[in-house]
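# Report on the structure
Below are the chains, spelled out letter by letter.
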Amino acid sequence: MMYTSHEDIGCDFEDGPKDKKTLKPHPDVDGGWAWVMVLSSFFVHILIMGSQMALGVLNVEWLEEFHQSRGLTAWVSSLSMGITLIVGLGSGMAYLPAVVMVGRYFHKRRALAQGLSTTGTGFGTFLMTALLKYLCAEYGWRNAMFIQGAVSLNLCVCGALMRPLSVEKEGEHAGGKDACILPAHSTESVKSGGHPGTTEEKESQAGNEDLQDQECQGQAWHRKNMCAFRVLKAVSHLTLRVRKGFRDWYSGYFGTASLFTNRMFVAFIFWALFAYSSFVIPFIHLPEIVNLYNLSEQDNVFPLTSIIAILHIFGKVILGVVADLPCISVWNVFLMANFSLVLSIFILPLMHTYAGLAVICALIGFSSGYFSLMPVVTEDLVGIEHLASAYGIIICANGISALLGPPFAGWIYDITQKYDFSFYICGLLYMVGILFLLIHPCIQMIEHSRRKFTDSAHV
């Protein structure tokens, strides 16, 4: 758990009367540069997550080039996806700040801002799939990857737009510095025609100059004292922040460890270990399934993975709106979307036409929109104070699922020479994950019936 400073909450501290500290909202929070952050994060999602989801196009090229097994070849794509979510190498280093910085710049409309930025995943999948198909056909997969890398350099532009919330600097004195300005000689000290005055006037002028020199020396000494005071103040503030950061880290570490004593949260982790692979596997293996079914011509017009990507955007928005209705339980929407997705995984191998596969892919894309509900469901389990740590653990579990799922599906194909069993077995594993999800509503029903029985007994 990260500690919260005045930069984190988007407020500046300024000295008020009687040395009291008052909070001043940062002008960029919930407006101004904050929407530039949303735009930047949107393009990061396009360039990173869109490229990840389009790796199935390259997977076909790698199979033809190296003539290796499906299971071994799928490791290339799964490593790229899984490592992005569990250890932060490569694209993960750019993806994490893009998500965090949007949250830093928004308080009132944080959910809207995060929703708008994450839709870049769907747009990116659609655009990158079409781009990679064209580049591979025109220049080959090696040159296509060079061009894709060049396009990804736009992440530098996105990163340049992400600037931290800075504290307003103290106003400087006029002229930019406390200059000691010597007053000009009085007109009374100079006679007309520029001749010097009397002896008394000269002595008076010398006395004034001595006083001015003493005043300048006093101001210089005061500036030195102020500089020393500012250094001591900065060191003091740094020491306090380090101590507070260590204290919050210590409490956050053991707070995170305590999450594993929550049995419902542990069950949710097991669901996450099985869930994400069923969403990732179609992106990796669908392009080859299309080739096996001789549907390449139709898929080139409108790729099936692009259908998943587009419906994934609509699914996030619609499921989010439905879950916000007062008469609807978020858990019920979450469970129904999971059941819909696992049903689609079971049906997909039965479809051998482009139209049938397109319908199932649309259902997969829409159902997978439940990912937008995961923070809400996690908060329901652990509370708002542990949300950040808990959600990080769930994302890590999803990364493990994305890492192992595609090679497992390819390995089953190598044994059976059919993708049918790959989807059936992955669907069964997903059902195991859903059974863990059912623990939560079952416990709620038991507690509700127990309270109802206790109340009736008291009556």
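The residue count restarts for each chain, going from 1 along the sequence in the order it is written. Where totals are concerned, whole chains, interfaces and linings use all residues; where local detail is concerned, this predicted model gives features only for residues with pLDDT of at least 70, and gives and counts side-chain atom pairs only at 80 or more. Hydrogens are left out, water is left out, and the side-chain values use all remaining heavy atoms of the structure.

Every case where a carboxyl oxygen of Asp or Glu lies within 4 Å of a side-chain nitrogen of Lys or Arg is listed as a salt bridge. Evaluation of the coordinates by the stated rule reveals 3 salt bridges. Across the salt bridge formed by R142 and E65, the nearest N and O atoms sit 3.1 Å from each other. Residue R142 is located in helix α7 (residues 120-152), and its partner E65 is located in helix α3 (residues 55-66); the two are separated by 77 residues in the primary sequence. For R70, the salt bridge goes to E288, with nearest N and O atoms at 2.5 Å. Of this pair, R70 sits in helix α4 (residues 70-86) while E288 sits in helix α10 (residues 263-292), placing them 218 residues apart in sequence. Think of it in three bands: with a 1.4 Å probe and only protein chains considered, a residue is buried below 20% of the maximum accessible area for its type, exposed above 50%, and partly exposed in between. Residue classification places R70 among the partly exposed residues on the basis of a relative accessible area of 23%. Helix and strand definitions here come from DSSP, where helices need a minimum of 4 consecutive H or I residues and strands a minimum of 2 consecutive E residues; each element is numbered from the N-terminal end.

What follows concerns the packing of helix α12 (residues 304-323) against helix α14 (residues 354-367). Geometry is summarised by axes, namely lines fitted to C-alpha atoms with helices restricted to the contacting stretch, and by angles between N-to-C directions that run from 0 to 180 degrees. In the contact formed by α12 and α14, the axes pass within 6 Å of each other and the chain directions differ by 35 degrees. The two elements α12 and α14 meet at a crossing, and its hand is right-handed. Facing α12, whose interface residues are L304, I307, I308, L311, H312, F314, G315, I318 and L319, α14 presents Y354, L357, A358, C361, A362, I364, G365, F366 and S367. Residue classes follow a fixed rule: Ala, Val, Leu, Ile, Met, Phe, Trp, Tyr, Cys and Pro count as nonpolar, while Asp, Glu, Lys and Arg count as charged, and any other residue, Gly among them, counts as polar. Here the residues of the contact of α12 with α14 sort into 14 nonpolar, 4 polar and no charged. Crossings are sorted by hand: turned counterclockwise from the far helix by less than a right angle, the near helix makes the crossing left-handed, and turned clockwise it makes it right-handed. Contact criterion: two residues are considered in contact whenever any of their non-hydrogen atoms come within 4.5 Å of each other.

A separate point is helix α5 (residues 91-105). Working note: α-helix, 3.6 residues per turn, so residues spaced by three or four point in the same direction. If you check α5, its first and last C-alpha atoms are 22 Å apart, about what 15 residues at 1.5 Å a residue would give, namely 21 Å. Along α5, the residues that are buried comprise G92, A98, M101, V102, G103 and Y105. Expected span of a helix, by definition, is 1.5 Å for each gap between consecutive residues, and there is one gap fewer than residues.

Here the focus is a nonpolar patch on the surface. Without a salt bridge and with relative accessible area above 30%, a residue can belong to a patch; like charges are then joined within 9 Å and nonpolar side chains (Val, Leu, Ile, Met, Phe, Trp, Tyr) within 5 Å. Surface accessibility follows the Shrake-Rupley procedure with a 1.4 Å probe radius. Residue values consider only the protein chains on display as shielding. On the surface, a nonpolar cluster with roughly 570 Å² of combined accessible area is contributed by L72, W75, L79, F270, L273, I400 and L404. Secondary structure elements with two or more residues in the nonpolar patch: α4, α10 and α16 (387-416). The leading source of residues in the nonpolar patch is α4, at 3 residues.

Treat this as a map of the structure, not an account of what it does.
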